[in-house]
Amino acid sequence: MASYKFPDDFLWGVATSSQQIEGGRHEAGRSESIWDRFASIAGNIDDGSNPDVTCDHYNRYREDIRLMSDLGVDSYRFSVSWPRIIPEGIGAVNEKGLDFYDSLVDELLENNIKPFLTLYHWDLPQILQDKGGWANRDIAKSFIDYTQAVVNRLGDRVKMWSTHNEPWCITTLGYEEGHHAPGLKNPAEALRVAHHLMLSHGWAIDVIRRASDKSEVGIVHNYCPAYPHSDSPEDHDAVRWFDGFFNRWYLEPLYNGSYPLDAIEDRVRAGHLESSELPFVEDGDMDIISSPTDFLGLNYYSRTIMKKDNSGKAVAVPAAPKEELTDMGWEVFPKGLYDSLINVNEKYQPKKIYIAENGAAFSYDADKNGEITDSRRIAYFRDHLMNAQKAIKAGVPLAGYYAWSLLDNFEWGFGFEKRFGLYAVDPDTQNRTAKKSASWYSGTITSNSVED
Ligand code: IFM
């Protein structure tokens, strides 16, 4: 048995997001979010549920922090609900909405848990969507007002900040493919959306640094490595296409200050752009977007295998037999985490990387003793952590790992059927039950190592 030891100062954490766990839909002046609206439309959420209550974390955060303490985590990654803070989207700051996060942060610190705050994890005030949402450049300014409000109140205690979670999902799932709120299908508009997200990120960095002394500021990208189905030049080109569309469209502006030319040409060919001129980029934007950050957050779940079909279109190939997939239909491919860390480090040399999310949806019922033995989740975490440790050995500045997720929660368009939690949540009683993976993760944190 080999032991994979992590550095002494490695940060162990768990992650969640506001819309997925808080509930408290109408508490203390919170307004409607785009996910409240999206979920209210029949057919948008697979199990017909809505995020009105979810895990009721808004009322139970103290109990949830006790669970984090039981796990022994060093840090908690959570997000703030914009509709709680500026309910009208523009204008008055709702201090009562901030009170919730104020208490959450204090409670975390009392338990020696470092807060890692994400400003935008997809719950846009609906009122801003009514003005065009992320497709409207003005939203970047509204995001700055929101950022300022949050950092003014919490910046004395919160020292780890991420601007956005997974801009690719916001852009493509929300505005290009319509699977996520606001449910739009407009590829040309989606490019504008991506740009405004990245621009608002760049502007926010300066705002956060000014108001929160000695903070680390970054952004979280869901990196998906692509592999060719065969060694043919066509399949390699499909990999290039995917990487441009999914990863480089975000990481190159961030680190190199420009959009990838080959991916621009792909968009022109697809008719999403009239020419390689990007009409939404204004003077100075790319300098702002590429403002230096302190870390890159990477979310890793799986890989994709790409090929060209008979018509020359780049398509994903079903990767693995069913028993190697999670309940999301995603292949379990731990080496992809190693490859991603190595690639990102070589190409972009971020100062520091956090794995800001990694985890798997597997459904297990409690046995007759009430125990939930989620062995596949344990194997998933173990194998990914082994690869993370190998990447550190190979020189990647990986500084922490956040398991997704603390609790079974509202998994967006899938509702509550996809369970990522270390703790199960009974929807009727809101009782939390530790799964076996929770004690496994706690043991891993204590020993600061994984064993294969
Ligand atoms: O639940 C999501 C999370 O909100 C963003 N990253 C991926 C997770 C699993 O799909």
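Notes on the structure follow. (Residues numbered from 1 in each chain as written. Predicted model: local features only at pLDDT ≥ 70, side-chain atom pairs only at ≥ 80, totals over all residues. Heavy atoms only, no water.)

## Points about the overall build of the protein
The cut-off we apply is this: Only runs of H or I of at least four residues qualify as helices and only runs of E of at least two qualify as strands under DSSP, and these elements are numbered from the N terminus. Radius of gyration: over C-alpha atoms. The globule rule applied is 2.2 Å multiplied by the number of residues raised to the 0.38 power. For each residue, the accessible area found with a 1.4 Å probe, counting protein chains only, is set against the maximum for its type, and the residue is called buried under 20%, exposed over 50%, and partly exposed in between. A contact between two residues is defined here by any heavy atoms of the two lying within 4.5 Å. For every accessible area listed, the method is Shrake-Rupley and the probe measures 1.4 Å; residues are considered covered only by the protein chains on display. Only four residue types enter the charge count: Lys and Arg as positive, Asp and Glu as negative, with His and the chain ends excluded. Charge placement uses NZ in Lys and CZ in Arg. For Asp and Glu, CG and CD serve respectively.
From N to C terminus, the protein includes 15 helices and 15 strands. Taken over C-alpha atoms, the radius of gyration comes to 21 Å for the protein, in line with the 22 Å a tight globule of 452 residues would show. Taking the principal axes of its C-alpha atoms as reference, the protein extends roughly 60 × 55 × 45 Å. Expressed as a percentage of the 452 residues in the protein, the buried residues total 60%. Within the protein, contacts between residues at least 6 apart in sequence are counted, and of these 77% link residues at least 24 apart. Taken as a whole, the protein presents about 17600 Å² of accessible surface, with 48% of it coming from carbon and sulfur. Computing the positive centroid from 46 side-chain charges and the negative centroid from 69, the protein places the two 2 Å apart.

## So, the sheet that holds strand E12 (residues 398-404)
Put simply, the rule reads: For two strands to be treated as a pair, DSSP must find no fewer than two bridges joining them. Angles here are taken between N-to-C directions and fall from 0 to 180 degrees, while the axes themselves are lines fitted to C-alpha atoms, restricted in helices to the stretch in contact.
An order of E2-E3-E4-E5-E6-E8-E11-E12 is seen for the eight strands of this closed barrel, with the pairing classed as parallel. Neighbouring strand axes in the sheet, compared pairwise and without regard to direction, differ in orientation by 25° on average. Across four bridges, strand E5 (residues 160-165) lies against strand E6 (residues 216-222) in parallel orientation. Looking at E6, one finds that Trp 161 is bridged to Val 217.

## Here's the deal with the site of the ligand
Formally: If a single non-hydrogen atom of a residue is within 4 Å of a molecule or strand, that residue counts as near it.
Gln 20, His 121, Trp 122, Asn 165, Glu 166, Tyr 301, Trp 330, Glu 357, Trp 404, Glu 411, Trp 412 and Phe 420 make up every residue found near the ligand. Protein contact buries 95% of the 280 Å² of open area that the ligand shows by itself.

## Section: the packing of helix H10 (residues 233-256) against helix H11 (residues 261-269)
Rule in force here: Reported orientations rely on four angle classes, namely roughly parallel under 35 degrees, roughly antiparallel over 145, roughly perpendicular from 65 to 115, and oblique for the rest. Throughout, the ten residues Ala, Val, Leu, Ile, Met, Phe, Trp, Tyr, Cys and Pro are labelled nonpolar, Asp, Glu, Lys and Arg are labelled charged, and all others, Gly among them, are labelled polar.
At a minimum axis distance of 9 Å, the contact between H10 and H11 shows a crossing angle of 110°. Here H10 lies roughly perpendicular to H11, going by the angle between them. Mapping the contact onto sequence places Arg 240, Trp 241, Gly 244, Phe 245, Arg 248 and Trp 249 in H10 and Asp 262, Ala 263, Ile 264, Asp 266, Arg 267 and Arg 269 in H11. Each residue belonging to the contact of H10 with H11 can be placed in one class, and the counts come to five nonpolar, one polar and six charged.

## Examining the environment of Gly 271
Here Gly 271 lies in the loop between H11 and helix H12 (285-289). Separated by 130 residues in sequence, Gly 271 and Lys 141 have C-alpha atoms that sit 29 Å apart.

## So, the pattern of salt bridges
Any two side chains of opposite charge can pair if their charged atoms end up close together. Worth spelling out the cut-off: Definition used for salt bridges: Asp or Glu carboxyl oxygen within 4 Å of a side-chain nitrogen of Lys or Arg.
Inspection of every chain in the model, using the stated rule, returns 36 salt bridges. The salt bridge partner of Arg 153 is Glu 95, with a shortest N-O separation of 2.8 Å. Highlighted residues: Arg 153 in helix H7 (residues 138-154) and Glu 95 in helix H5 (residues 95-110), separated in sequence by 58 residues. Assessed through its relative accessible area of 44%, Glu 95 is described here as partly exposed. Here Lys 347 ties to Asp 243 by a salt bridge, and the two come within 3.5 Å at their closest N and O atoms.

## Let's talk about the packing of helix H8 (residues 167-176) against H10
For the record, the criterion: Working rule for handedness: look at the near helix, and if it is turned counterclockwise from the far one by less than a right angle, call the crossing left-handed; if clockwise, right-handed.
At a minimum axis distance of 9 Å, the contact between H8 and H10 shows a crossing angle of 125°. Judged by the inter-axis angle, H8 sits oblique to H10. Here the hand of the crossing between H8 and H10 comes out right-handed. Touching Pro 167, Trp 168, Thr 171, Thr 172 and Glu 176 of H8 are Phe 245, Phe 246 and Tyr 250, all from H10. Per-class residue counts for the contact of H8 with H10 are five nonpolar, two polar and one charged.

## Remarks on the side chain of Thr 326
Among the secondary structure elements, Thr 326 is positioned in the loop between strand E10 (314-316) and helix H13 (335-348). Judged by its relative accessible area of 7%, Thr 326 is buried. Ignoring sequence-local partners within four residues, the contact set of Thr 326 consists of Val 332, Ala 360, Ala 361 and Phe 362.

## A short note on the environment of Leu 278
Tracing the sequence through the fold places Leu 278 in the loop between H11 and H12. It is 8.5 Å that separates the C-alpha atoms of Leu 278 and Ile 264, two residues lying 14 residues apart in sequence. Other than its neighbours up to four places away in sequence, Leu 278 contacts Tyr 259, Ile 264 and Leu 273.

## Quick look at the pairing of E6
Of all seven residues in E6, seven are buried, a share of seventy percent or more. What you see with E6 is no split at all: Glu 216, Gly 218, Val 220 and Asn 222 on one side and Val 217, Ile 219 and His 221 on the other are buried throughout. Strand direction decides the pairing type here: E6 and strand E8 (residues 295-299), joined by five bridges, are parallel. For Gly 218, the partnering residue across the bridge sits in E8 and is Phe 295.

## Observations concerning the nonpolar core
So the rule is basically this: Take the buried residues of types Ala, Val, Leu, Ile, Met, Phe, Trp, Tyr and Cys, join any two whose side-chain atoms come within 4.5 Å, and each joined set is a nonpolar core.
Of all hydrophobic cores here, the largest spans 139 residues; its most connected members are Val 14, Trp 82, Trp 134, Val 150 and Trp 161. In terms of residues, this core owes the most to one element, helix H9 (residues 187-211), which gives 10 residues. Every residue in contact with Trp 82, bar those within four places of it in the chain, is listed here: Gly 89, Tyr 120, Asp 123, Leu 124, Pro 125, Leu 128, Trp 134, Ile 139, Ser 142, Phe 143 and Tyr 146.

What is shown is where atoms sit, not what they do.
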